[in-house]
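# Reading the structure
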Amino acid sequence: MSAVREPPERWRDIELEVNGERCALRVPEREHLADALRHRLGLTGTHLGCEHGVCGACTVRVDGDAVRSCLMLAVQAEGCRVETIEGASARDAVVQALQAAFVERNALQCGYCTPGFVLAAAELLGECAAPSREAIRVALSGNLCRCTGYQAIVDAVEQAARRLSNSEPPR
Amino acid sequence: MKPAPFRYERAHDLQHALELLAEHGDDALPLAGGQSLLPMLNLRLVRPAVVVDLNRIEGLGDIRTAASGGLAIGARVRHRLLATDPAVRAHAPLLAQAAPWIAHPAIRHRGTFGGSLALADPAAEWPACVLALEGTLVLASRARGERRVAAADFFRGLYDCDREPDELLVGCEVPARAADSRSAFAEVARRHGDYAAVGLAIVARGMPGRGAHVRVALLGAGDTPCVARAAATVLAEGGDIEAAARALVAEIEPRGDLWYSAQAKRHLAAHLLRDTWRTVRDA
Ligand SMILES: Cc1cc2nc3c(=O)[nH]c(=O)nc-3n(C[C@H](O)[C@H](O)[C@H](O)COP(=O)(O)OP(=O)(O)OC[C@H]3O[C@@H](n4cnc5c(N)ncnc54)[C@H](O)[C@@H]3O)c2cc1C
Ligand code: FES
Ligand code: FES
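Residues numbered from 1 in each chain as written. Chains lettered and ligands numbered in written order. Predicted model: local features only at pLDDT ≥ 70, side-chain atom pairs only at ≥ 80, totals over all residues. Heavy atoms only, no water.

Below, the discussion takes up the overall build of chain B. A count of helices and strands for chain B gives twelve helices and 14 strands. What you see for chain B is a C-alpha radius of gyration of 19 Å, in line with the 19 Å of a compact globule of 283 residues. The principal-axis extent of the C-alpha atoms belonging to chain B is close to 55 × 45 × 30 Å. Taking the intrachain contacts of chain B between residues at least 6 apart in sequence as the baseline, contacts between residues at least 24 apart amount to 60%. Accessible surface, chain B as shown: approximately 11800 Å² in total, 50% of it carbon and sulfur. Of the side chains in chain B, 34 bear a positive and 33 a negative charge, and the two mean positions are spaced by 5 Å. (Helix = DSSP H or I, 4+ residues; strand = E, 2+ residues; numbered from the N terminus. Rg over C-alpha atoms; globule rule 2.2 N^0.38 Å. Contact = heavy atoms within 4.5 Å. Areas by Shrake-Rupley, 256 points an atom, 1.4 Å probe, with all protein chains shown as cover. Lys, Arg positive; Asp, Glu negative; His and termini not counted. Charge placed at Lys NZ, Arg CZ, Asp CG, Glu CD.)

Next up, the structure:
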């Protein structure tokens with residue numbers, strides 16, 4: 001039995017845009033955005049690794065910026081434009097190029113970290129078309145991978161960058 | 001883990017936020033970027049009854065010219081904007097130099113200047129920077145109106161600053177930059193984006209030995225961000241950098257952690273001083 005007196009659960013109706021579609025949701029005020037996306041919208045490409053901001057598996061775009069969806073309440077996304085890996089991979093050529101390069105370079109094993117890495121890398125390539133390996137490592141420093149050892153991930157981002165700038169034809 | 005239940009209140013303006021804090025006092029916590037508060041909520045390290053969201057308050061995210069001629073930086077200015085804003089580069093370049101060291105891009109998109117200052121983590125970059133720049137924090141409450149506190153008096157202890165529960169930090173002003181002012185920032189962290197083991201901010205103007213002004217502030221070198229007066233005086237008076245490094249090592253009191261002993265941190269701080277001094281001396 002907990003001795004802590006907790007306020008009752010409060011729910012709120014919110015409207016937001018998710019992957020290009022308007023949607024209305026009813027969420028507990030304390031629910032973070034990652035849980036709302038996963039459990040209320042079935043968008044399970046957003047993963048939860050740590051729920052305190054250190055792993056990057058929950059990365060999504062809010063109004064165009066890559067953010068940690070475990071560090072934002074769903075109610076805070078009211079009126080915002082949210083994009084998850086599902087939406088980005090359907091519509092964003094940079095994300096598609098990264099996904100292809102991740103497959104070709106074996107940049108994933110279990111794949112748990114991959115949606116976060118792809119969205120973080122896509123943001124980097126949006127700001128810099130030909131980043132150095134060092135710049136890629138710095139940009140991805142907030143994403144953890146327990147399987148690959150990172151070399152192949154950096155290779156994949158480099159390869160996607162080359163292909164997007166047309167200096168290397170797709171295989 | 002998930003947060004325990006709380007009541008979420010979205011403040012629609014500053015007055016509304018101050019009303020909510022006045023009403024709920026200790027039971028309420030302001031929510032800015034959430035990049036420290038959400039982890040604490042998720043881990044249930046804090047259990048506020050009310051969370052007051054500052055994110056939709058207009059004006060709190062602006063950077064303006066202050067009446068004094070310096071920069072007035074709103075509490076909700078995000079780390080990312082401080083890295084890129086032209087006015088910051090021109091008038092407080094130290095902040096643009098330090099911003100990329102804070103966490104990772106996704107965290108810099110949301111984390112805020114005011115949230116970091118209010119958290120008063122001794123290993124964070126912004127508290128040390130506002131000490132080096134001799135900034136002034138601006139707080140507001142419903143009961144007592146606006147109050148200004150010099151950065152040197154604001155950080156009182158580990159995660160402890162001069163802010164009452166009913167007060168909001170509304171911003172921070174940094175004085176106008178002298179034309180010949182130079183600055184540099186450097187830190188040592190185990191991995192890019194991790195909290196630093198030690199970091200150092202330096203601001204200098206004038207010719208050493210001829211009335212120069214040098215200010216050195218450190219993060220990760222004690223229970224609060226701290227100013228290294230003795231080392232700065234040696235440098236301002238035209239003394240040798242090794243004499244300044246010795247003064248620095250003697251005047252700071254870092255705590256050892258899992259990876260770095262207090263002695264290692266002193267050694268690293270001296271190294272950062274040599275490095276950053278070279279940058280500002282040759283600039
Ligand atoms: C993985 C990770 C790595 C990080 N690395 C670093 C790092 O290297 N360096 C660094 O400096 N930070 C780091 N951070 C923390 C980050 O910079 C936070 O953004 C910052 O510490 C808090 O700012 P915030 O706006 O997110 O505040 P919040 O998390 O919203 O709030 C923090 C605290 O301040 C209070 N508060 C917020 N705004 C105000 C206000 N205006 N007035 C009064 N009280 C207020 C809140 O109630 C809360 O107690 C890291 C975070 C994560 C998750
Ligand atoms: S689950 Fe969000 S950063 Fe790890
Ligand atoms: S592929 Fe398994 S965690 Fe990265």
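Still more to cover.
With that out of the way, let us pick up the pattern of salt bridges. Residue and element names in this part refer to chain B. In the structure shown here, the tally under the stated rule is 34 salt bridges over all chains. A salt bridge links Glu 173 to Arg 148; the shortest N-O distance between them is 3.1 Å. One end of the pair, Glu 173, is in strand E10 (residues 168-174); the other, Arg 148, is in strand E7 (residues 145-150), with 25 residues separating them in the sequence. Asp 282 is the salt-bridge partner of Arg 281, the closest N and O atoms lying 3.0 Å from each other. Through salt bridges with shared partners, a single network forms among Arg 144, Arg 147, Arg 156, Asp 160, Asp 162, Asp 166 and Glu 167. (Salt bridge = Lys/Arg side-chain N within 4 Å of Asp/Glu carboxyl O.)

The next point concerns the interface of chain B and chain A. Interfaces are often described in size by the accessible area the parts lose on coming together. With 34 residues of chain B in contact, the opposing surface of chain A contributes 35 residues. One can count four salt bridges joining chain B with chain A. Residue Glu78(A) pairs with Arg10(B) through a salt bridge whose shortest N-O separation is 3.1 Å. The tally of links from chain B across to chain A stands at 20 residue pairs in polar contact (both at pLDDT 80 or more). Counting residues per element, the ones that place at least two in the side of chain B that touches chain A are strand E1 (7-10), helix H2 (37-42) and helix H6 (105-108) of chain B. The element that contributes the greatest number of residues to the side of chain B that touches chain A is E1(B), accounting for four residues. (Polar contact = N/O pair within 3.5 Å; in protein donor to acceptor, adjacent residues only side chain to side chain.)

Turning to the packing of aromatic side chains, a few remarks are in order. Following the criterion strictly, the structure yields four aromatic pairs over all chains and no others. Centroid distance Phe117(A) to Tyr150(A): 6.2 Å. Interplanar angle 55°. Geometry classified as tilted. Taken together, the residues Phe117(A) in helix H4 (residues 114-127) and Tyr150(A) in the loop between helix H5 (133-139) and helix H6 (151-164) connect sequence positions 33 residues apart. You can call Tyr150(A) partly exposed: its relative accessible area is 26%. Seen in terms of ring centroids, Phe154(B) and Phe155(B) are 5.1 Å apart; in terms of plane orientation they differ by 80°. Their pairing is edge-to-face. The same class applies to Phe154(B) as to Phe155(B), namely buried. (Phe/Tyr/Trp six-rings, centres within 6.5 Å; stacked < 30°, edge-to-face > 60°. Buried < 20%, exposed > 50% of the residue type's maximum accessible area, 1.4 Å probe, protein only.)

Once that is clear, we can look at the site of ligand 1. Of all residues adjacent to ligand 1, which total 33 residues, the nearest are Pro30(B), Gln35(B), Leu37(B), Thr112(B) and Glu125(B). Around ligand 1, the nearby residues trace back to chains A and B. In the environment of ligand 1, an oxygen atom lies 3.3 Å from a nitrogen or oxygen atom belonging to the backbone of Ala103(B). Here a nitrogen atom of ligand 1 and a side-chain polar atom of Glu125(B) are 2.7 Å apart. For ligand 1, whose accessible area on its own is 970 Å², the fraction buried by protein is 94%. Those elements that place two or more of their residues in the shell around ligand 1 are strand E2 (28-31), helix H7 (113-119) and E10 of chain B. (Near = heavy atom within 4 Å.)

All names here are of chain B. Of the pockets and cavities examined, the second largest pocket occupies roughly 510 Å³. What lines the second largest pocket is a set of 20 residues, among which Ala 123, Tyr 195, Ala 196, Asp 257 and Lys 265 lie closest to the centre. Looking at the lining of the second largest pocket residue by residue, the class counts come to ten nonpolar, three polar and seven charged. Here the lining of the second largest pocket spans two domains, since at least three of its residues come from each of domain 2 (63-174) and domain 3 (183-282). (1 Å grid on protein atoms, 1.4 Å probe; cavity = no way out; pocket = protein on both sides within 12 Å on 5 of 7 lines; lining within 4 Å. Points joined across faces, edges and corners; volume = space filled by probe spheres on them. Nonpolar A, V, L, I, M, F, W, Y, C, P; charged D, E, K, R; others polar. Domains from an automatic or database assignment.)

Once that is clear, we can look at helix H1 (residues 33-40) of chain A. All names here are of chain A. Those residues of H1 that fall on the buried side of the exposure criterion are Leu 33, Ala 34, Asp 35, Ala 36 and Leu 37. Looking at the buried positions of H1, the neighbouring elements they touch are strand E1 (11-18), strand E2 (21-28), strand E3 (59-62) and strand E5 (81-83). Of the residues one or two after H1, Gly 42 is the one with positive phi, at around 70°.

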